[in-house]
Amino acid sequence: MDGCQLARRLRADRENDGLFLAALTGYGGEEDIAEVRAAGFDRHLVKPVSIEQIRALLHEVHDQQPAALPDAKEHHPRISDCPAA
């Protein structure tokens, strides 16, 4: 499964509404960008990506989030199955 297939599956599930997806790829042609957008990605980043680009993207995503986010364990019950780091 590639990233575009994964994005399509995630977008097909209503539980993932509001999920922000960014593609990080080595391909930056017009067709590549169109494919990524059609798959449901919000952003398309071409390698190499600088730390400044990643920070800017994270700030953008953070600023778009609602003020009160649901508890992660409540929204995704399987999160409790993850071993503690």
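What counts and how
Residues numbered from 1 in each chain as written. Predicted model: local features only at pLDDT ≥ 70, side-chain atom pairs only at ≥ 80, totals over all residues. Heavy atoms only, no water. 1 Å grid on protein atoms, 1.4 Å probe; cavity = no way out; pocket = protein on both sides within 12 Å on 5 of 7 lines; lining within 4 Å. Points joined across faces, edges and corners; volume = space filled by probe spheres on them. Helix = DSSP H or I, 4+ residues; strand = E, 2+ residues; numbered from the N terminus. Nonpolar A, V, L, I, M, F, W, Y, C, P; charged D, E, K, R; others polar. Pairing = 2+ DSSP bridges. Right-handed = clockwise from strand over helix to strand, strands pointing away. Salt bridge = Lys/Arg side-chain N within 4 Å of Asp/Glu carboxyl O. Buried < 20%, exposed > 50% of the residue type's maximum accessible area, 1.4 Å probe, protein only.

Draft legend 1. Focus on the layout of surface pockets. The computed volume of the second largest pocket comes to approximately 160 Å³. Lining the second largest pocket are Asp2, Gly3, Cys4, Ala23, Leu24, Thr25, Tyr27, Asp32, Glu35, Val36, Phe41 and His44. Going through the elements one at a time, α1 (3–12), β1 (22–25) and α2 (30–39) are the ones with two or more residues in the lining of the second largest pocket. Taken together, the residues of the lining of the second largest pocket break down into six nonpolar, three polar and three charged.

Draft legend 2. Examining unusual backbone geometry more closely. Of the consecutive residues lysine 47 and proline 48, the connecting peptide bond is found in the cis state with omega at -5 degrees. By the secondary structure assignment, proline 48 is in the loop between β2 (43–46) and α3 (51–64).

Draft legend 3. Quick peek at the pairing of β2. Of the pairings in the sheet, the one linking β1 to β2 comprises four bridges and is parallel in character. Looking at the pairing, alanine 23 lines up with histidine 44 of β2. With α2 bridging β1 and the parallel β2, this β-α-β connection has right-handed handedness.

Draft legend 4. Quick look at the pattern of salt bridges. Taken as a whole and assessed by the stated rule, the structure comprises three salt bridges. Taking the shortest distance from any N to any O, the salt bridge between aspartate 42 and arginine 11 comes out at 2.8 Å. Of this pair, aspartate 42 sits in the loop between α2 and β2 while arginine 11 is found in helix α1, placing the two residues 31 residues apart along the sequence. In this structure aspartate 42 comes out as partly exposed when scored by relative accessible area, which is 24%. For arginine 11, a relative accessible area of 29% corresponds to the partly exposed category. The partner of glutamate 60 in a salt bridge is arginine 43, and the shortest N-O contact between them spans 2.1 Å. Of the two residues, glutamate 60 sits in helix α3 while arginine 43 sits in strand β2, which places them 17 residues apart along the sequence. Here glutamate 60 falls in the partly exposed class, since its relative accessible area comes to 24%. Look at arginine 43 and you get partly exposed, because its relative accessible area is 28%.

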